[in-house]
Amino acid sequence: MTDAVSPSTYRGRFAPSPTGPLHFGSLVAAVGSYLEARARGGEWLVRMEDLDLPRVVPGAAEDILRTLEAYGMGWDGEVLYQSSRDEAYGAALRELERLGAAYPCACSRKEIADSSLVGSGELIYPGTCRSGLPAGRTARAQRVRVEGPEIVFQDRLQGLVRQALQTAAGDFVVRRADGLFAYQLAVVVDDAAQGITEVVRGADLLDSTPRQIYLQRLLGLPTPGYLHLPVAVNSAGEKLSKQTLAPPLDKANPMPILMQVLAFLHQAPPAELADADLDSFWRWAVAHWQPQAVPQVRIMAT
């Protein structure tokens, strides 16, 4: 793979899925990644993860961008849309096939559910098609062959993370049965192409990171640093999302919510900051950003 760039500065990113408007939980990830990039004198990119086209809500991507602008969060460069990146993902998949690391799979979801092993809370593919398609079956998806030692990396907030992919994830999908490329492959290709030096995002994606590191190593791509922030949950312990009816952000009155985000991240903003304008707010927040003050937990109530 030669699609990666080598940046000379810190480069972070915010990569929302345009399945609805931004809410408090997604703003936490946006603010954390923005502050880390700006505090380190680096660049902050925005990527629309609109890969899963059936789930994309028309107009949501534009609404997300207008919300970021309303909250004073300007991004660097052009917004990257994953829906326009099939050629790059296809090249990565062909490289995996050339390496003998990807193979076709004919199994349906029901077949996998009926015969799979159970790992850390999810179904693990049992390897039915690993040695070739069963007679009379047609390929549906493409999977990557998981082999080798456990993946170990240091998350800058969550600490040392270890995962044995064979038992925690198994051979995972890189191209779905509906023809769409899987998130794990797309995010690896895009982080490399955009020269992302550190990924700051929610800890709900922490368990996916070893799969991404595994793909980076297979494809010869650089591995960025990682910092996984606590995920905001409601009083029932549910992640804030459209499914749990998290309210959309108010574009007309951003300061109260921005103050709540700083408090959630344990940044101790002074009360008088609530009366400041957006420029003054961000100057204070960037100058006083302390990622080490963020609680070392995966989930946290708002």
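Residues numbered from 1 in each chain as written. Predicted model: local features only at pLDDT ≥ 70, side-chain atom pairs only at ≥ 80, totals over all residues. Heavy atoms only, no water.

Moving on to the layout of surface pockets. With a probe scaled to a water molecule rolled over the atoms, the places where space remains empty come into view. Space inside the largest pocket adds up to approximately 1,200 Å³. Only strand 1 (11-14), helix 1 (24-39), helix 6 (183-193), strand 11 (198-202) and strand 13 (231-233) provide two or more residues apiece to the lining of the largest pocket. Looking at the lining of the largest pocket, the element that brings in the most residues is helix 1, giving four residues. A per-class count over the lining of the largest pocket returns 21 nonpolar, twelve polar and eleven charged. (1 Å grid on protein atoms, 1.4 Å probe; cavity = no way out; pocket = protein on both sides within 12 Å on 5 of 7 lines; lining within 4 Å. Points joined across faces, edges and corners; volume = space filled by probe spheres on them. Helix = DSSP H or I, 4+ residues; strand = E, 2+ residues; numbered from the N terminus. Nonpolar A, V, L, I, M, F, W, Y, C, P; charged D, E, K, R; others polar.)

What follows concerns helix 2 (residues 60-70). Because each turn of an α-helix spans 3.6 residues, side chains separated by three or four positions end up pointing in the same direction. By the burial criterion, the buried members of helix 2 are Ala 60, Ala 61, Ile 64, Leu 65, Thr 67 and Leu 68. Along the long axis of helix 2, the arc covered by the buried residues comes to 160 degrees, so they all point the same way. As for helix 2, its buried residues are in contact with strand 1, helix 1, strand 2 (43-48) and strand 3 (80-81). Gly 72 lies just past helix 2 and shows a positive phi near 75 degrees. (Buried < 20%, exposed > 50% of the residue type's maximum accessible area, 1.4 Å probe, protein only. Arc of directions from axis to C-beta. Contact = heavy atoms within 4.5 Å.)

Here we take up the sheet that holds strand 1. Taken in spatial order, the three strands make up an open sheet running 1-2-3, and their pairing is parallel. Looking at which strands have only one partner, the edges of the open sheet turn out to be strand 1 and strand 3. Direction of pairing for strand 1 relative to strand 2: parallel, over a ladder of four bridges. When the sheet's bridge partners are listed, Arg 11 is paired in strand 2 with Glu 43. Sheet strands touched by helix 2: strand 1, strand 2 and strand 3. Its angle to strand 2, the strand with the most contacts, is close to 155 degrees. Sheet contacts for helix 6: strand 1, strand 2 and strand 3; angle to strand 2, the most-contacted strand, approximately 145 degrees. (Pairing = 2+ DSSP bridges. Axes fitted to C-alpha atoms, helices over the stretch in contact; angles between N-to-C directions.)

Function cannot be read off these values alone, since they describe shape.
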